[in-house]
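Breakdown of the fold
The chain contents come next:
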Amino acid sequence: MKNLHIKVLALLLVMIGLGLAYYKVTRLGLPVLPAEQTEVWMVEARLAFEAKGGPVKVRFYIPSAPPGFTVVGEDFISSKYGLTTDDGGINRTAQWAVRRAEGKQVLYYRIELAPEIAPIKPPKEKVPSFPAAPDYPEPMGSVVQALLEEVRRKSADVASFSGELLARLNASNPTENVQILRKGIESEGAWVKQVIYILAGARIPARMVYILPLKGDISRSKLIPWLEVNNGREWLAFNPKTGSRGFPANALIWHVGDEPLLELEGGGSPKVEYSVSSRFQELVLVAEQRARQINSLIMDFSLFSLPVQTQNVYRVLLLIPIGTFLIVVLRNIVGIKTFGTFMPILIALAFRETDLLWGVAMFAGIVAIGLILRFYLEYLKLLLVPRLASVLVMVILLMAVISVLTHKMGLERGLSVALFPMVILTMTIERMSLVWEEHGPGEALQQGLGSLLVAILGYLLMANKLLEHLVFVFPELLLVVLAMTLLLGRYTGYRLTEIWRFKEFLRKMEMP
C-alpha cells in the first residue's frame, strides 16, 4: 500500500512537471536550448503631411492581432499629438489629434513582430450576407454573365469558382471578354475591386485585404491589396494576379476592407511610407510578450518576474536538487561512501567559481594540511567544541595564506579559495581524522577520494549550461527529480559496489 502511495505520488509529480513544461514550450514558445533566438520583424509606418495651422486630426489603420505573429512591441511616436486607439475587432485604428499645427508634420507607428509558434484560431467572424447582383452596364453585363457562366460549369464550389475566375481574368492570352473587363484598370487596388465587382455577379461575398510582405530589410515598402472570398464558413485568400490560394509567406495583414488607410483633417498632401527590418531576439523575451498577449499568468509568476540579481541566485540554487539527486544515486545505487550527505555538492558549487583543476588542488591541499594539524591537536586532548573551533581557525588561516601567496605569485585564480565553505571543510577534516583513527587510513582515504569524486561529478553536472537553462526556465522539472528521489527512497536492493564485492559469494549461490 505504501509503495503504491509513493508510485501514485511520483506519477502525479511527473505529470504536473512535464505538463507545465510542455505548455511552456508549445504554447508560450519558451526555448528548450539555451541562447535560442528567433527572428523579430520591426515595421515602421511614417506618416507625413502639411498642416494648415488649425486643428489637425489623423486617423490611420494599424494591425489588429495579426494572425501568424506575436506582437513583441508597439510604439506611437508623436511628440505633441494626443493619441487614442480603437479596436473594432477585424480592424484597429490609431487617431492623432492636436489643437493647432502648421507646416510639415511627421508621425511614426512602429510594431515588432515575432513568428507565432502555435497557430491561434482567429476569432469567428459573422458570416457575411450574399451581395446583391450588380446591375452591370452594357456591354459589361453581357461579358460578365458569359464569363461567370463558363466559370460555373468548370467549378464545384466557391474556392474552385474563384480560382478559375482569377485564372481566366489573369490569362496571358486573354479573350475579348476579359480584355473588356481589364480595360481602364491601372492600379492593383482597382483590379481587386473589379474582381470583387465581378464576383458579386455570382453573389459570392468578397473583400479586399491589405498585406505587407516581411522579407529582408526594406526602406520603402508598400501595402499590397489581396483578395478574400467567403464560402459560408471561412474567408479564403487568393492572389488577385495569379489566382493561387493563401497569403505569401511572412505576410502581415494590415487592414481588411477597401476604406482609405489614412484620413486627414486640417492638413494636406498626406504620404505614408513603410519600412521593414529584421533582427534576432532571445526567445525568452518573445515568450514573455506572447504570454501577455494570450493573458497567461504563468510568466507573471515565474522566476523571470524576479529582479535580475535574484534570478542569478536562483540559477545556482535550482541546481542543488540536481546535485543532491546525484548523491542519492551514487550512494544508494552505486554505493560510493562520502563524508557527509551534502558536503560534495557544496564543494562542487565552490568548484564552479574556482574551476575544476584549481578547486581540486586547493581542496586536497587544505584537507591534507588540516588533517596533519588535526592529528597534532589530538595530542593536546582538547574537548570536542574547542577542537572543532581550533580546526576552523586553522582552515581559515590556511585559506588566507593560500590567497596571499597565489596573489603574490600572480595566480589570481587562487583568490577564489575564499569561496570554499569553511565549515564544511572543517567538518570534513574532523570526520576524516575520526575515520582514520577508528577504521584506519585506507577507509579514510577511500571516503575522502569518494567525496572528491562525487564533488567532481557534481561540478560537471551543475556546470552544464543546458541543465542550468532547463531548471531555471522550467523549474517544474524539479518535480520530476523529486519523484525519482522518492522512488529511489524505497530502493532496498544491492548496491553496485556490493555486487562487485560479493561477486564470488553470489556466484557460489547461483551454482547448483
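Residues numbered from 1 in each chain as written. Predicted model: local features only at pLDDT ≥ 70, side-chain atom pairs only at ≥ 80, totals over all residues. Heavy atoms only, no water.

An unreviewed UniProt entry annotates the protein as Gonadoliberin III-related protein of Nitrosococcus watsoni.

Considering the sheet that holds strand S1 (residues 37-52)
Here is the rule we go by: Two strands form a pair only when DSSP identifies at least two bridges running between them. Each helix corresponds to a stretch of at least 4 residues labelled H or I by DSSP, and each strand to a stretch of at least 2 residues labelled E; elements are numbered beginning at the N terminus. Fitted lines through C-alpha atoms serve as axes, helices being fitted only where they are in contact, and the angles separating the N-to-C directions of these axes extend from 0 to 180 degrees. The contact definition used throughout considers only heavy atoms, calling two residues in contact when any of these lie within 4.5 Å.
As summarised here, the arrangement of the 5 strands in space is S3-S6-S1-S13-S8, forming an open sheet in which the pairing is antiparallel. Two strands bound the open sheet, and with one partner strand each, they are strand S3 (69-77) and strand S8 (218-221). Averaged over all adjacent pairs, the angle separating strand axes in this sheet is 20°, with direction ignored. The strands touched by helix H6 (residues 283-293) within the sheet are S1, S3, strand S6 (102-115) and strand S13 (267-282), with S3 carrying the most contacts at an inclination of about 85°.

Some details on the environment of Glu-288
Inclusion rule: Burial here depends on accessible area, computed with a 1.4 Å probe over protein chains only, as a share of the maximum for the residue type. Under 20% is buried, over 50% is exposed, and the range in between is partly exposed.
Looking at the element boundaries, Glu-288 is found in helix H6. With a relative accessible area of 17%, Glu-288 lands in the buried category. With sequence-adjacent residues up to four places away left out, Glu-288 is seen in contact with Met-299 and Phe-304.

Brief notes about the UniProt feature "transmembrane region" (unreviewed entry) in the protein
As a reminder, the rule being used: UniProt positions are given in the numbering used here, feature names are shortened, and annotations may be inferred rather than shown by experiment.
Summarizing the sequence annotation, UniProt attributes the feature "transmembrane region" (unreviewed entry) to residues 313-334, 355-377, 383-402, 414-432, 444-463 and 470-491 in the numbering used throughout. As a span, residues 444-463 carries 95% helix and 0% strand, and end to end its C-alpha atoms are 28 Å apart.

Examining the pairing of S1
Note that S1 and S13 share 14 bridges and pair antiparallel. What sits directly across from Glu-50, in S13, is Gly-268. Looking at chain direction, S1 and S6 are connected through 12 bridges and run antiparallel. Bridging across to S6, Ala-48 finds its partner in Val-106.

Overview of the side chain of Asn-230
What counts, and what does not: In the analysis that follows, any N or O atom pair within 3.5 Å is treated as a polar contact, provided that within protein one partner can donate a hydrogen and the other can accept it, and provided that, for residues neighboring in sequence, both atoms belong to side chains.
Note on placement: Asn-230 falls in strand S9 (residues 224-230). For Asn-230, the side chain forms a polar contact with the main-chain nitrogen of Gly-232, separated by 2.7 Å. Here Asn-230 is in contact with Val-127, Pro-128, Val-158, Ile-204, Pro-205 and Trp-235, once residues within four sequence places are set aside.

Brief notes about unusual backbone geometry
Of note in this structure, Arg-203 is not a glycine but carries a positive phi near 60°. When you line up the elements, Arg-203 lands in the loop between helix H5 (188-201) and strand S7 (206-213). According to the relative accessible area criterion, Arg-203 is partly exposed, its value standing at 43%. Of note in the backbone geometry, Asn-250 takes a positive phi value of approximately 55° without being a glycine. For Asn-250, the position within the fold is in the loop between strand S10 (235-238) and strand S11 (251-256).

Quick notes on a nonpolar patch on the surface
Stated precisely, the cut-off is as follows: Patches were defined on residues exceeding 30% relative accessible area and lacking a salt bridge, with like-charge contacts within 9 Å and nonpolar side-chain contacts (Val, Leu, Ile, Met, Phe, Trp, Tyr) within 5 Å. Computed with the Shrake-Rupley method and a 1.4 Å probe, the accessible areas treat only the protein chains shown as cover for residues. Any Lys or Arg side-chain nitrogen located within 4 Å of an Asp or Glu carboxyl oxygen qualifies as a salt bridge.
A cluster of nonpolar side chains, contributed by Trp-358, Val-401, Leu-405, Met-409 and Leu-411, occupies part of the molecular surface with about 460 Å² of accessible area. With respect to the element layout, Val-401 can be found in helix H11 (residues 384-408). With relative accessibility at 44%, the residue Val-401 sits in the partly exposed group.

Here's the deal with the side chain of Lys-24
Along the polypeptide, Lys-24 turns up in helix H1 (residues 2-28). Accessibility expressed as a relative area gives 6% for Lys-24, which makes it buried. At 3.2 Å, the side chain of Lys-24 and the backbone oxygen of Val-473 are in polar contact. Not counting residues within four places of it along the chain, the set of residues in contact with Lys-24 comprises Gly-29, Leu-30, Ile-298, Val-473, Phe-474, Pro-475 and Glu-476.

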